[in-house]
Amino acid sequence: MLNVLIMNRATRDSFLEQPVLYANIVNRPDVEICGWIESGSTLETALPAIEELVGPHQKWRAIVISYEDDGVMEKFSFDPENPFDFDGNPFALHQPNPIPLVRLTHLLKGLPPLEKKYVEEQIIDQTGIQKMVLTEQPPDETMTRQWQQLAALYENDLREPEQIILIRRRLKPKDPASRRLENMWSLPEEIESSRFVDRNGYAPGCRFLCVDYTRQGKYQALQEAFEFWVNSTLMATIEVDGSTLQAGRLYRLETRMDKTSLTSLFRILDARLTRAQNGYFEHSARLKEKHPLEEETLPAYQVTLPELHLETGSFEESEELDLNFAMLPARKIDPLHDWQDYLKLVEKEYQASIKKIGRSFDRAAEKFQDKMQVRVENVELLNQWQKEDLAQELQKEKLAWMETGASLPAQGIVRNQKLKKTDDTVRWLLENQADRRDVLIMEGVLLMIGLLAGLLGFVFPIQKNQESWALGFWIVLTLFVVVGAGWLSLFLWNRRARKLADSYRNEIQQAAAAMNSDTTGFAKYLEQAVNLVRGAKYLRLSDTKAMMGQMQDQSTLFNNHQQVELLTALQNNLHLLGAANHLSLKESTPHQSWPEPSGEVVDGKNLLLIEEDPVEVEINHSGFHVESPWPFVSRLIVEREELYE
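Residues numbered from 1 in each chain as written. Predicted model: local features only at pLDDT ≥ 70, side-chain atom pairs only at ≥ 80, totals over all residues. Heavy atoms only, no water.

Looking at the overall build of the chain
Now for step 1: When helices and strands are counted, the chain shows 17 helices and 13 strands.
Now for step 2: Pairs at least 24 apart in sequence give 82% of the contacts found in the chain among residues at least 6 apart.
Now for step 3: For the chain, the accessible surface area stands at approximately 37400 Å², while carbon and sulfur atoms represent 53% of it. (Helix = DSSP H or I, 4+ residues; strand = E, 2+ residues; numbered from the N terminus. Contact = heavy atoms within 4.5 Å. Areas by Shrake-Rupley, 256 points an atom, 1.4 Å probe, with all protein chains shown as cover.)

As structure tokens, then:
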């Protein structure tokens, strides 16, 4: 069953001043601590965290502990003999109770029912004898309606606790034995016992416990605070039978402690705190003496990528295109158009191939992106020489990477200067070659010139005694030679254009074949880029890690200093408690489960945990025993206070 300790802020602060008890209680799985806001009028405002704490559990009980009143509760005075009997009662049940403690029981357990009222009436029975009887009065409708509205306001989905135990401090009465004896003899009848539960309006079923204290100085206050929390936390971990702790009655709570066992426990805890302080001191000393490494070897930051597979394009259409330029085209523009169409097709196929390669390259780069990641935990701290060598190595790798990138086909084959010059020459030849019309005109002119020259040669001989037909013959022969030379020039002109076009096509085919068949350049380029990024990250992360290490060392030193101060405060608190309980902690002895420090930082969470097994503790002198988490408790006293109206 879950035990929820409900306490206000002042009480919580007092509990924190008992580090030994607090550490062991919060370490228990069956105990939770819930803050109580005394001014809260609903469950959500009074106990904001209660639903989250109680939700996973089937059964739970509430232990409301008030070491010191806080806020609203301070304004209400109470009976010196009964800290649960507040001045100003009785309080109306159909109105919100002004006492925060009483109102808290309503939120947890519900409103008590309205008290029934009776009047005495005189009647005559069947035998004629007059009798006085009590007759129940009908309830007041307005009061009943208000009570119902208030009960509806307090309704919630919280599972009702199995038990509510209220624990408060009480200033120890003077000479309690004689006072108790006087009350027992003056008002011996049980029916006249104090009805403070009804007068104050507590929810039904509450158990009331008080712990006495005195006002006798600082050390007495420390001792009594320790005893109060021993009593309260013990009640939070045990279940007392209903005959020993009845509802609606006030009980005084007290524990008897074994000084020897308490001294032994405090000595063990004191030795733990001393060893923990020594561990922090040694750890801080080691941090201050750290020296950088003097190695000069480069760190292993490079990786080898797996084989790279790139998709490539096809140049089949441009290879199959016919570039047989006609020697005598019908129009000059026709061969030029054929050449331009070929160039466009080559550019289109090349760009498509580059796009495929680029996209597959991007996919490969994304696939290998995790290779670029360098985790700070895998980075070694580099000294000055290692940083210089790594920076120089990265500069060399950057130049090599740029050279590799420059050799890749990124701008298109047709941007090559040699191919551009060939393209310009082919264009000039095609633009300036003669077409059929030009040749026909030229041949016609030459034919007319030849005929005219032949006629003149036959008529007018050039030399004497020369036959006229001989001159005509030579003129005609010369004409045929000129025509033949013209046709030869046309043939050679066209042949040069076709050879240059074939050379251009061969170079395009060779470049395309090389681009499609060899992906080593792309793989090398990608691997160089990955290693370049990894090296730069390694260098940066090394500096970051060094800075983080320095900051962490400074932070650790500061934390160690804080931990030492905390441990010193805990040890001082322990010594004060020991002095208040008249214990001597000077002869601290090592505990077998806590070896001497070896320079390692000790985990401070478990320093104050009690390792001893729970002990059987007798309640009163009844023979009934419960398990106590505190090995120094020898007896639990739950004594009913005789209070009467």
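That shown, we press on.
Quick look at empty space enclosed by the protein
Now for step 1: One pass over the full model with this rule turns up two cavities of 30 Å³ or more.
Now for step 2: Each pocket or cavity is described by its volume, and for the largest cavity that value is around 70 Å³.
Now for step 3: If you trace the largest cavity, you find 11 residues lining it, with Arg249, Leu250, Arg640, Glu641 and Leu643 closest to the centre.
Now for step 4: In the lining of the largest cavity, the residues fall into four nonpolar, three polar and four charged. (1 Å grid on protein atoms, 1.4 Å probe; cavity = no way out; pocket = protein on both sides within 12 Å on 5 of 7 lines; lining within 4 Å. Points joined across faces, edges and corners; volume = space filled by probe spheres on them. Nonpolar A, V, L, I, M, F, W, Y, C, P; charged D, E, K, R; others polar.)

Let's talk about helix H2 (residues 19-26)
Now for step 1: The element H2 is extensively covered by neighbouring structure, given that seven of its eight residues are classed as buried.
Now for step 2: Considered for burial, the residues of H2 that qualify are Pro19, Val20, Leu21, Tyr22, Ala23, Asn24 and Ile25. (Buried < 20%, exposed > 50% of the residue type's maximum accessible area, 1.4 Å probe, protein only.)

Examining the environment of Glu136
Now for step 1: Mapping Glu136 onto the fold places it in strand S7 (residues 130-136).
Now for step 2: Along the primary structure Glu136 and Val119 are separated by 17 residues, whereas in three dimensions their C-alpha atoms are 6.7 Å apart.

Focus: the packing of helix H1 (residues 9-16) against H2
Now for step 1: For the pair H1 and H2, the least separation of the axes is 7 Å and the interaxial angle reads 105°. It follows that H1 is roughly perpendicular to H2 by the angle criterion. On H2, the residues touching Arg12, Phe15 and Leu16 of H1 are Pro19, Leu21, Tyr22 and Ile25.
Now for step 2: Broken down by class, the residue content of the contact of H1 with H2 amounts to six nonpolar, no polar and one charged. (Axes fitted to C-alpha atoms, helices over the stretch in contact; angles between N-to-C directions. Parallel < 35°, antiparallel > 145°, perpendicular 65-115°, else oblique.)

Considering the pattern of salt bridges
Now for step 1: In the structure shown here, the tally under the stated rule is 13 salt bridges.
Now for step 2: We note a salt bridge from Arg170 to Asp212, for which the minimum N-O separation is 2.8 Å. Residue Arg170 is found in strand S8 (residues 164-171), and its partner Asp212 is found in strand S9 (residues 206-213); the two are separated by 42 residues along the sequence.
Now for step 3: A relative accessible area of 2% places Arg170 in the buried class.
Now for step 4: Across the salt bridge formed by Glu641 and Arg170, the nearest N and O atoms sit 2.9 Å from each other. Linking Glu641 in the segment after strand S13 (633-640) with Arg170 in strand S8, this pair joins segments that are 471 residues apart in sequence. Arg170 shares its class with Glu641; the two are buried.
Now for step 5: Put simply, Arg252, Glu254, Arg256 and Glu639 are held in one network by salt bridges that share partners. (Salt bridge = Lys/Arg side-chain N within 4 Å of Asp/Glu carboxyl O.)

Side note on the sheet that holds strand S2 (residues 31-35)
Now for step 1: Pairing in this open sheet of nine strands is mixed, and the strands run S2-S1-S3-S8-S9-S10-S13-S11-S12 from one edge to the other. The open sheet terminates on both sides in strands that have one partner only, identified here as S2 and strand S12 (625-628). Ignoring which end each strand starts from, the neighbouring axes of this sheet average 30° apart.
Now for step 2: Bridging between strand S3 (residues 60-66) and S8 involves five bridges; their strand directions are parallel. If you follow Ala62 over to S8, its bridge partner there is Ile164. (Pairing = 2+ DSSP bridges.)

Notes on a negative patch on the surface
Now for step 1: Together, Asp13, Glu17, Glu68 and Glu74 make up a region of like negative charge exposed at the surface.
Now for step 2: Note on placement: Glu68 falls in the loop between S3 and strand S4 (78-79). (Patch = residues over 30% accessible without salt bridge, like charges linked within 9 Å, V, L, I, M, F, W, Y side chains within 5 Å. Lys, Arg positive; Asp, Glu negative; His and termini not counted. Charge placed at Lys NZ, Arg CZ, Asp CG, Glu CD.)

Comments concerning the side chain of Thr105
Now for step 1: Among the structural elements, Thr105 can be located in helix H5 (residues 100-109).
Now for step 2: Look at Thr105 and you get buried, because its relative accessible area is 1%.
Now for step 3: Once you skip the residues sitting within four places of it in the chain, Thr105 turns out to touch Gly110, Ile164, Leu166, Tyr202, Ala203 and Cys206.

Describing the nonpolar core
Now for step 1: By size, the foremost hydrophobic cluster in this structure holds 53 residues, and its most contacted members are Leu5 and Met235.
Now for step 2: With eight residues, helix H9 (residues 218-237) is the largest single contributor of residues to this core.
Now for step 3: Dropping the residues within four chain positions of it, Met235 is found in contact with Arg61, Ile165, Ile167, Leu209, Val240, Leu245, Leu253 and Leu636.
Now for step 4: If you look at the next biggest cluster of nonpolar residues, it comprises 40 residues, including Ile6, Cys34, Val64 and Phe86. (Core = buried A, V, L, I, M, F, W, Y, C linked by side-chain atoms within 4.5 Å.)

What to know about the pairing of strand S5 (residues 82-86)
Now for step 1: Within S5, five of the five residues are buried, which leaves it mostly tucked inside the rest of the structure.
Now for step 2: Hairpin connection of S4 to S5: two residues between the antiparallel strands.

Brief notes about unusual backbone geometry
Now for step 1: In this chain, Asn89 is followed by Pro90 through a cis amide linkage whose omega measures 5°.
Now for step 2: With respect to the element layout, Pro90 can be found in the loop between S5 and H5.
Now for step 3: A positive phi angle, close to 55°, is found at Asn620, a residue other than glycine.
Now for step 4: Looking at the secondary structure, you find Asn620 in the loop between strand S11 (615-619) and S12.

Describing the packing of aromatic side chains
Now for step 1: In this structure the tally under the stated criterion is 13 aromatic pairs.
Now for step 2: Residues Trp630 and Phe632 carry aromatic rings whose centres are separated by 6.3 Å and whose planes lie at 20° to one another, so their mutual orientation is stacked.
Now for step 3: When its relative accessible area of 1% is taken as the criterion, Trp630 is described as buried.
Now for step 4: Taken together, the ring pairs connect Phe15, Tyr22, Tyr67, Phe228 and Trp229 into an aromatic cluster. (Phe/Tyr/Trp six-rings, centres within 6.5 Å; stacked < 30°, edge-to-face > 60°.)

Re the confidence of the model for the chain
Now for step 1: Taken over all residues, the pLDDT of the chain has a mean of 76, while the share at 70 or more is 63%.
Now for step 2: Scored below 50 in pLDDT, residues 588-602 makes 33 contacts in the model with residues more than four places away or belonging to other chains. (pLDDT = per-residue confidence, 0-100.)

Considering helix H13 (residues 384-406)
Now for step 1: In this model H13 runs 34 Å from its N-terminal to its C-terminal C-alpha over 23 residues, within 8% of the 33 Å that 1.5 Å per residue would give.
Now for step 2: Listed in full, the buried residues belonging to H13 are Gln386, Leu390, Leu394, Glu397 and Thr404. (Expected span 1.5 Å × (residues − 1).)

With respect to the side chain of Thr237
Now for step 1: Within the fold, Thr237 resides in helix H9.
Now for step 2: Of the residues examined, Thr237 reaches a relative accessible area of 15% and is grouped as buried.
Now for step 3: Among all residues touching Thr237, those that are not within four sequence positions of it are Ile25, Arg28, Val31, Arg61 and Pro629.

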